[in-house]
Amino acid sequence: QVQLVESGGGLVQPGGSLTLSCAASGSIFSTYAMGWYRQAPGKQRELVATITRGGSANYADSVKGRFTISRDSIKNTVYLQMNSLKPEDTAVYYCNAGHTLATMPSWGQGTQVTVSS
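Definitions and limits used
- Residues numbered from 1 in each chain as written.
- Predicted model: local features only at pLDDT ≥ 70, side-chain atom pairs only at ≥ 80, totals over all residues.
- Heavy atoms only, no water.
- Helix = DSSP H or I, 4+ residues; strand = E, 2+ residues; numbered from the N terminus.
- Rg over C-alpha atoms; globule rule 2.2 N^0.38 Å.
- Contact = heavy atoms within 4.5 Å.
- Areas by Shrake-Rupley, 256 points an atom, 1.4 Å probe, with all protein chains shown as cover.
- Lys, Arg positive; Asp, Glu negative; His and termini not counted.
- Charge placed at Lys NZ, Arg CZ, Asp CG, Glu CD.
- Buried < 20%, exposed > 50% of the residue type's maximum accessible area, 1.4 Å probe, protein only.
- Disulfide = S-S within 2.5 Å.

Q: Got a minute to help me understand the overall build of the protein in this structure?
A: Looking only at helices and strands, one finds 1 helix and 10 strands in the protein. Along its sequence from the N terminus, the protein presents helices and strands in the succession β-β-β-α-β-β-β-β-β-β-β. Taking 13 Å as the expected radius of gyration for a compact globule of 117 residues, we find that the protein reaches 13 Å, a close match to that expectation. Taking the principal axes of the C-alpha coordinates as reference, the protein spans close to 40 × 25 × 25 Å. Sequence separation of at least 24 residues holds for 55% of the intrachain contacts in the protein that already meet a minimum separation of 6. Of the roughly 6100 Å² that the protein leaves accessible, carbon and sulfur atoms contribute 48%. Side-chain charges of the protein comprise 9 positive and 6 negative groups, with the mean position of each set lying 4 Å from the other.

Listed below in structure tokens is the structure:
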């Protein structure tokens, strides 16, 4: 079964905004903190934002003040509101548990975000 499905990516101009969605399985969403990750070409995947089941959020310094992570417990969905986008935000964005687990849930296909003029 597909456990994580990302959507909402696309091509935007610098300074623009975009909202990503992650539909997660109930078992993942209800058990762990959730996080958004991104991977640019030729680079390692990095964690950019996390949110606990209680709604406490943390952000990488590179996106702090520009991105907002939120969750909807009824829809088992995690969102990433991205504002003031920069070319360096260009990457494939993934969602998963918000911290490394011994057995990580399978990664979804991700959603491509391209910031370019």
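Q: Quick question: what am I supposed to make of the environment of Ser106 here?
A: Mapping Ser106 onto the fold places it in the loop between β9 (91-97) and β10 (111-115). Given the relative accessible area of 52%, Ser106 is considered exposed. Between the C-alpha atom of Ser106 and that of Gln3, which follows or precedes it by 103 residues, the distance is 7.4 Å.

Q: Help me understand the state of the cysteines, please; the structure alone is not making it clear to me.
A: Throughout this description, disulfide means a covalent bond between two cysteine sulfur atoms. Per the stated rule, a full pass over the model turns up 1 disulfide. Across the disulfide from Cys22 sits Cys95; the S-S distance is 1.7 Å. Taking the sign of the S-S torsion, about 65° here, the bridge from Cys22 to Cys95 comes out right-handed. In this pair, Cys22 sits in strand β3 (residues 18-24) while Cys95 sits in strand β9, placing the two residues 73 residues apart along the sequence. Both residues of the pair, Cys22 and Cys95, belong to the buried class.

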